[in-house]
Amino acid sequence: MNSGTPANQRPAIPAGANAIWCGKYDPNWVVPVGYPNLTNQILYVDLESNRAPIAASTGTYTITAKVNMSLEQNYDFMYFVGGGDDDANNLGDEDPLGNDRGAFDQVRAAGSFASSNLMATFTGSLITTTAGLTPFVNGAGAPTIIGEGGANPNTINLDFRMTTENRALYILITA
């Protein structure tokens, strides 16, 4: 979405003129900007095409984003999933999970599927005091970050670190 979309048809943009939004505009809803129940939305990022020279030498990506997230606590979730089994000799699969709902369901249930792994789970509204928002690294477990159940979200800076063994980053929203 960008600032060219009428403001009543999108959420506020946290910074600049563009943002990625998982949601829907429906003028027939009571609140026309939101997301439908029983939805799965996937954002895929090919990290190989964005790899900085320092990432190749340190073996770690750092992904920094401004996030404004409000999900119904313990009902709606955002998952970070990494995959692709990237290494210096083999770039791995460009998009290892594709749009395979069964594969994503397996990652959510068991923590992994083939070369893809669950790296973090978020639920609730993220505010500046939400516990666990400090940088975390794939391999340190897949933390579950539980935001507030009734608060309005804050726009926060989120630093997420993952090893360069992962070529893909998926952000999955379920409602």
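Residue positions within a chain follow its written sequence, with the count starting from 1. Given that this is a predicted model, residues contribute local features only at a pLDDT of at least 70 and side-chain atom pairs are listed and counted only at 80 or more, while totals for whole chains, interfaces and linings are drawn from all residues. The side-chain numbers reported here are obtained from all heavy atoms of the structure, hydrogens and water having been left aside.

1. Observations regarding the pairing of strand 7 (residues 116-123)
In step 1: Relative accessibility under 20% of the residue-type maximum defines a buried residue, over 50% an exposed one, and the middle range a partly exposed one, all with a 1.4 Å probe and only protein chains included. Under the DSSP-based scheme used, a helix requires at least four consecutive residues in state H or I and a strand at least two consecutive residues in state E, with every element numbered from the N terminus. With seven of eight residues buried, strand 7 is to be regarded as a mostly interior element.
In step 2: Where strand 5 (residues 77-83) meets strand 7, five bridges bridge the pair, whose relative direction is antiparallel. Note on strand 7: the bridge partner recorded for F80 is A120.
In step 3: As paired elements, strand 6 (residues 112-113) and strand 7 share two bridges and run antiparallel to each other. Note that in strand 7 the partner of S112 across the bridge is N117.
In step 4: By the convention used here, strands pair only if DSSP detects at least 2 bridges between them. Joining the antiparallel neighbours strand 6 and strand 7 is a turn of two residues, in which A114 adopts a positive phi near 50 degrees.
In step 5: Pairing analysis gives three bridges linking strand 7 to strand 9 (residues 144-146), with the strands arranged parallel. Each bridged residue has a counterpart across the sheet, and for F122 the counterpart in strand 9 is I145.

2. Thoughts on the confidence of the model for the protein chain
In step 1: Across the protein chain, the average pLDDT comes to 82, with 85% of residues at 70 or higher.
In step 2: Every residue gets a pLDDT, meaning the predictor's confidence in that residue, from 0 to 100. In the model of the protein chain, helix 1 (residues 53-58) stands out as the element of lowest mean pLDDT, 55, in contrast to helix 2 (residues 101-110), which has the highest, 93.

3. Observations concerning the layout of surface pockets
In step 1: Here the term cavity refers to a set of points on a 1 Å grid, laid over the protein atoms alone, in which a 1.4 Å probe fits but cannot get out; the term pocket refers to an open set having protein on both sides within 12 Å along at least five of seven lines, with lining residues being those that place an atom within 4 Å of a point. Grid points are joined across faces, edges and corners, and a volume is the space filled by probe spheres set on the points. Taken as a whole, the largest pocket encloses approximately 1,000 Å³ of empty space.
In step 2: Listing elements by their share of the lining of the largest pocket, those giving two or more residues are strand 2 (33-34), strand 3 (40-46), strand 4 (60-67), strand 5, strand 10 (156-163) and strand 11 (168-174).
In step 3: No other element matches strand 4, which puts five residues into the lining of the largest pocket.
In step 4: We call Asp, Glu, Lys and Arg charged. Ala, Val, Leu, Ile, Met, Phe, Trp, Tyr, Cys and Pro are nonpolar, and the rest, Gly among them, are polar. Looking at the lining of the largest pocket residue by residue, the class counts come to 28 nonpolar, six polar and one charged.

4. What to know about the pattern of salt bridges
In step 1: The term salt bridge refers to a pairing of a side-chain nitrogen on Lys or Arg with a carboxyl oxygen on Asp or Glu at a separation within 4 Å. Taken as a whole and judged by the stated rule, the model has three salt bridges.
In step 2: Here D105 and R101 are joined by a salt bridge, their closest N and O atoms 4.0 Å apart. Separated by four residues within a single helix, D105 and R101 lie in helix 2, roughly one turn from each other.
In step 3: Look at D105 and you get partly exposed, because its relative accessible area is 32%.
In step 4: Via salt bridges that share partners, R101, D105 and R108 belong to a single interconnected network.

5. Things to note about helix 2
In step 1: Along helix 2, the positions that sit buried rather than exposed are A103, F104 and V107. Buried residues of helix 2, viewed axially, fall in a sector of 100 degrees; they line one side. In helix 2, the exposed positions angled more than 90 degrees off the buried face are occupied by R101, A109 and A110.
In step 2: The contact criterion used is simple: two residues touch if any of their non-hydrogen atoms lie within 4.5 Å. Packing partners of the buried residues in helix 2 comprise strand 3, strand 5, strand 6, strand 7 and strand 11.
In step 3: Near the N-terminus of helix 2, the side chain that reaches the backbone nitrogen of G102, with its oxygen 3.0 Å away, is that of D100.
In step 4: Trailing helix 2 by a residue or two, G111 shows a phi angle of about 95 degrees, which is positive. Starting at the helix axis, one direction is taken to each C-beta atom, and the arc is that of these directions. Under the rule applied, a polar contact is a pair of N or O atoms within 3.5 Å (in protein, one hydrogen donor and one hydrogen acceptor; residues adjacent in sequence only if both atoms are side-chain atoms).

6. Here's the deal with the environment of L71
In step 1: Structurally, L71 is set in the loop between strand 4 and strand 5.
In step 2: Taking relative accessible area as the criterion, L71 reaches 7% and is therefore assigned buried.
In step 3: In this structure the C-alpha to C-alpha distance between L71 and A175, which are 104 residues apart in sequence, comes to 8.2 Å.
In step 4: Here L71 is in contact with Y35, D76, F77, M78, F122, T123, G124, S125 and I173, once residues within four sequence places are set aside.

7. Here we look at the side chain of T123
In step 1: Here T123 lies in strand 7.
In step 2: What makes T123 buried here is its relative accessible area of 0%.
In step 3: At 3.5 Å, the side chain of T123 and the backbone oxygen of E72 are in polar contact.
In step 4: Leave out the neighbours within four places in its chain, and T123 touches M69, L71, E72, Q73, N74, Y75, D76, F77, I145, I146 and G147.

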